[in-house]
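# Topology and contacts: notes
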Number of protein chains: 2
Amino acid sequence: MAQSVLLTGAAGRVGTAILDGLVDEREYEWRLLDRDPPTEDQPGEFVVADITDEEAVREAMDGVDAVIHLAGDPRKTAPWESVLPNNIDGTRVVYEAAVDAGVEKVAFASSNHAVGAYETDERTPEMYREDDQFRLDGNELPRPGNLYGVSKAAGEVLGRYYHDEHGLSVVCVRIGNLTEGHPPVDYERGQAMWLSYRDCAHLFDRCIQADYDYEIVYGISDNDRKYYSIERAREVLGYEPQDNSAGHD
Amino acid sequence: MAQSVLLTGAAGRVGTAILDGLVDEREYEWRLLDRDPPTEDQPGEFVVADITDEEAVREAMDGVDAVIHLAGDPRKTAPWESVLPNNIDGTRVVYEAAVDAGVEKVAFASSNHAVGAYETDERTPEMYREDDQFRLDGNELPRPGNLYGVSKAAGEVLGRYYHDEHGLSVVCVRIGNLTEGHPPVDYERGQAMWLSYRDCAHLFDRCIQADYDYEIVYGISDNDRKYYSIERAREVLGYEPQDNSAGHD
């Protein structure tokens, strides 16, 4: 039987990359959730609901095997008044509904902003360069550079709790710089954290397929420049990125 | 001039231990804040306000050098509906008001519950014993065993952000098991994380006096049994605990 996958925040950029890459490739039964009604035909049932609407989220979770949770305020400048309900409370709503519905796995869209403050004046721009050895691997404590990043770090901790106490498999993907084309050659930071659309789709596909307990992984392509390790994503999820921001001049 | 210290949640157990230990010993100018009006004479100005009341907290912060932030729902069984506003948002209110008022230091009462899920079936009860070498030292990722612990971990991340982005000195104290008398001899876990009242007062006194950037330390006495390292508290804060839960039979 086809796996049933709930994708929250389906209409956003990450959701678009995932659906573009997987709809024709995989036989998932998609259930899509977004705050705004769709403007085009959709590859599955579409639920229009706010992620903080517990009843609607619980209903959308019925019969679901895996959740890709992207919904939330995506702006790095988002104010606390928005990230507190939408990103922190909304993520708690998703985990809780998933546990109660017997869902097996939740892939949570965390962000590079959860660790943005590691990019100190002392480390930059060297850390963006190919010969630099500085790496974050997911075992480090969060260092958010904004309140959006704080909200993502909080979502990771919530996932840890719902895994430890309720047995939910949770993978937090600290998504880099997702753009359809590769970043400009002179944008060193962007190149170092580039995630291509097809690598993004593949990575979340692995989050649906692989077996794991609780993981924090980085979501970037196999860039020559990097300060995020993708070893854990390779090992645990079987992530095999095809793109590299280098070699595009 | 005497240092001015704002103590939030002043009427709680931790606040009581701090005031009992320091009021006669130190020349601090105390400003005390609690949700409930005091029933006895107080050693300083007393502000009755909810910690989520931004305006009241801002007013209480005026002219303050250091903050000891204890206010919040202290129940380990506290529901999300309470810890989200009181512990997470309330702590954000405190950091933000502190930054805006030019406060130098905030000591945040975190909790052993931020890492409670490290106490797995495989590790317990061995980890509570004197000959066991398992130690948490503050560099590990949070593993909360309840939503109260999630809220404390979120408060730690908020502190990291307000330090990195706004220069506030923040120390998060993962308080163990604070009781006036030592725990029963047969309560191994309680003995391992015991914090005596006088060690608690001394530890928060060091949080007012010492210089630091951002720190996570454990707040326990110098117990023979322990699975929390107090090395960082010794090194950075000059913490010198006098009590030990052992030897009390």
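Above: the structure in question.
Below: a short report on this structure. Computed from a predicted model, the values in this text were never measured in an experiment. (Residues numbered from 1 in each chain as written. Chains lettered and ligands numbered in written order. Predicted model: local features only at pLDDT ≥ 70, side-chain atom pairs only at ≥ 80, totals over all residues. Heavy atoms only, no water.)

## Thoughts on the relation of the copies chain A and chain B
With an axial shift of 0.0 Å and an RMSD of 0.0 Å, the rotation relating chain A to chain B amounts to 180°. Put plainly, the chains are arranged around a two-fold axis. Both copies share a contact surface, since 100% of the interface residues of chain A are interface residues in chain B too. (Least-squares fit on C-alpha atoms with pLDDT ≥ 70 in both. Contact = heavy atoms within 4.5 Å.)

## Some thoughts on the side chain of N112 of chain B
As for its position among the elements, N112 of chain B is in the loop between β5 (105–111) and α4 (147–166). With sequence-adjacent residues up to four places away left out, N112 of chain B is seen in contact with R174, I175, G176, R189, M193 and Y228 of chain B. (Helix = DSSP H or I, 4+ residues; strand = E, 2+ residues; numbered from the N terminus.)

## Here's the deal with the interface of chain A and chain B
Taken together, the contacts link 26 residues of chain A with 26 residues of chain B. Here chain A meets chain B over a buried area of about 2,300 Å², counting both sides, of which 71% is carbon and sulfur. Across the chain A-chain B interface, the total number found is two salt bridges. Among the ionic pairs, D164 of chain A bridges to R143 of chain B, the shortest N-O distance being 2.6 Å. Viewed at the interface, chain B and chain A are joined by four residue pairs in polar contact (both at pLDDT 80 or more). Broken down by secondary-structure element, the contributors of at least two residues to the side of chain A that touches chain B are α3 (80–101) and α4 (147–166) of chain A. For the side of chain A that touches chain B, the leading source of residues is α4 of chain A, giving 10 residues. Looking at the side of chain A that touches chain B residue by residue, the class counts come to 15 nonpolar, four polar and seven charged. (Buried area = accessible area lost by both parts, 1.4 Å probe. Salt bridge = Lys/Arg side-chain N within 4 Å of Asp/Glu carboxyl O. Polar contact = N/O pair within 3.5 Å; in protein donor to acceptor, adjacent residues only side chain to side chain. Nonpolar A, V, L, I, M, F, W, Y, C, P; charged D, E, K, R; others polar.)

## Concerning the nonpolar core
With 176 residues, the main nonpolar core has I18, F204 and L237 of chain A together with I18, F204 and L237 of chain B as its most contacted residues. When sequence neighbours within four positions are dropped, the list of residues in contact with L237 of chain A reads V171, L203, R206, C207, A210, Y212, V217 and R232 of chain A. (Core = buried A, V, L, I, M, F, W, Y, C linked by side-chain atoms within 4.5 Å. Buried < 20%, exposed > 50% of the residue type's maximum accessible area, 1.4 Å probe, protein only.)

## Some thoughts on empty space enclosed by the protein
What the rule picks out here adds up to two cavities of 30 Å³ or more. Roughly 80 Å³ of volume is contained in the largest cavity. Counting residues per element, the ones that place at least two in the lining of the largest cavity are α4 and β9 (214–219) of chain B. It is α4 of chain B that contributes the most residues to the lining of the largest cavity, four residues altogether. Partitioned by chemical class, the residues of the lining of the largest cavity number seven nonpolar, no polar and two charged. When contributions to the lining of the second largest cavity are tallied by element, the ones reaching two or more residues are α4 and β9 (214–219) of chain A. Take the lining of the second largest cavity: its biggest share by element is four residues, from α4 of chain A. Counted by class, the lining of the second largest cavity contains seven nonpolar, no polar and two charged residues. (1 Å grid on protein atoms, 1.4 Å probe; cavity = no way out; pocket = protein on both sides within 12 Å on 5 of 7 lines; lining within 4 Å. Points joined across faces, edges and corners; volume = space filled by probe spheres on them.)

## Remarks on the packing of aromatic side chains
Aromatic ring pairs: the centre-centre distance and the angle between the two ring planes describe each pair. Per the counting criterion, the structure on display carries 14 aromatic pairs over all chains. Measuring from centroid to centroid gives 4.3 Å for Y218 of chain B and Y228 of chain B, while their planes differ by 10°, and the two rings are stacked. One end of the pair, Y218 of chain B, is in strand β9; the other, Y228 of chain B, is in the loop between β9 and α7 (231–237), with 10 residues separating them in the sequence. Counting every residue linked through ring pairs, the aromatic cluster contains Y95, F108, Y161 and Y162 of chain A. Geometry around Y118 of chain A places R143 of chain A over its ring, the cationic atom sitting 5.2 Å from the centre. (Phe/Tyr/Trp six-rings, centres within 6.5 Å; stacked < 30°, edge-to-face > 60°. Lys NZ or Arg CZ within 6 Å of the ring centre and 35° of its normal.)

## What about the packing of α3 of chain A against helix α3 (residues 80–101) of chain B?
The relative placement of two packed helices comes down to the angle between their axes together with the axis-to-axis distance. The N-to-C vectors of α3 of chain A and α3 of chain B enclose an angle of 145°; their axes lie 12 Å apart at closest approach. Crossing angle aside, the handedness with which α3 of chain A passes α3 of chain B is right-handed. Contacts between α3 of chain A and α3 of chain B involve W80, L84, I88, D89 and R92 of chain A from the first element and W80, L84, I88, D89 and R92 of chain B from the second. Residues belonging to the contact of α3 of chain A with α3 of chain B are distributed by class as follows: six nonpolar, no polar and four charged. (Axes fitted to C-alpha atoms, helices over the stretch in contact; angles between N-to-C directions. Left-handed = near helix turned anticlockwise from the far one by under 90°.)

## Focus on the sheet that holds β5 of chain B
Residues and elements named next belong to chain B. Spatial strand order, β3-β2-β1-β4-β5-β6-β9: seven strands in an open sheet with parallel pairing. Edge positions in the sheet fall to β3 (45–48) and β9, since each has one partner strand and no second. When the angles between neighbouring strand axes are averaged without regard to direction, this sheet yields 20°. Two strands pair when backbone bridges link them, and strand β4 (residues 66–69) and β5 are joined in this way by four bridges, in the parallel orientation. Considered in β5, the bridge of H69 is made with F108. Strands in contact with helix α1 (residues 13–22) are β1 (4–8), β2 (29–34), β4 and β6 (169–175); relative to β2, the strand with the most contacts, it is inclined by about 165°. Along the sheet, α4 contacts β5, β6 and β9; its crossing angle with β5, the most-contacted strand, is approximately 160°. (Pairing = 2+ DSSP bridges.)

## Structural notes on the pairing of β6 of chain B
Residue and element names in this part refer to chain B. Extensive coverage of β6 is indicated by the burial of seven of its seven residues. As judged from the seven bridges shared by β5 and β6, these two strands associate in the parallel manner. Residue pairing for β6: S110 is matched across the bridge by R174. Once the chain exits β5 it traverses α4 before rejoining the sheet at β6, and the crossover so formed is right-handed. Across six bridges, β6 lies against β9 in parallel orientation. In the sheet register, V170 faces β9, and the bridge partner there is Y214. (Right-handed = clockwise from strand over helix to strand, strands pointing away.)

## A few points about the packing of α1 of chain B against helix α6 (residues 197–209) of chain B
Residue and element names in this part refer to chain B. Direction vectors running N to C along α1 and α6 enclose 80°, while the axes themselves pass 8 Å from each other. Between α1 and α6, the angle is such that the two are roughly perpendicular. Judged by residue contacts, R13, V14, A17, I18, G21 and L22 of α1 engage Y197, C200, A201, F204 and D205 from α6. Looking at the contact of α1 with α6 residue by residue, the class counts come to eight nonpolar, one polar and two charged. (Parallel < 35°, antiparallel > 145°, perpendicular 65-115°, else oblique.)

That's the geometry; what it means functionally is another story.
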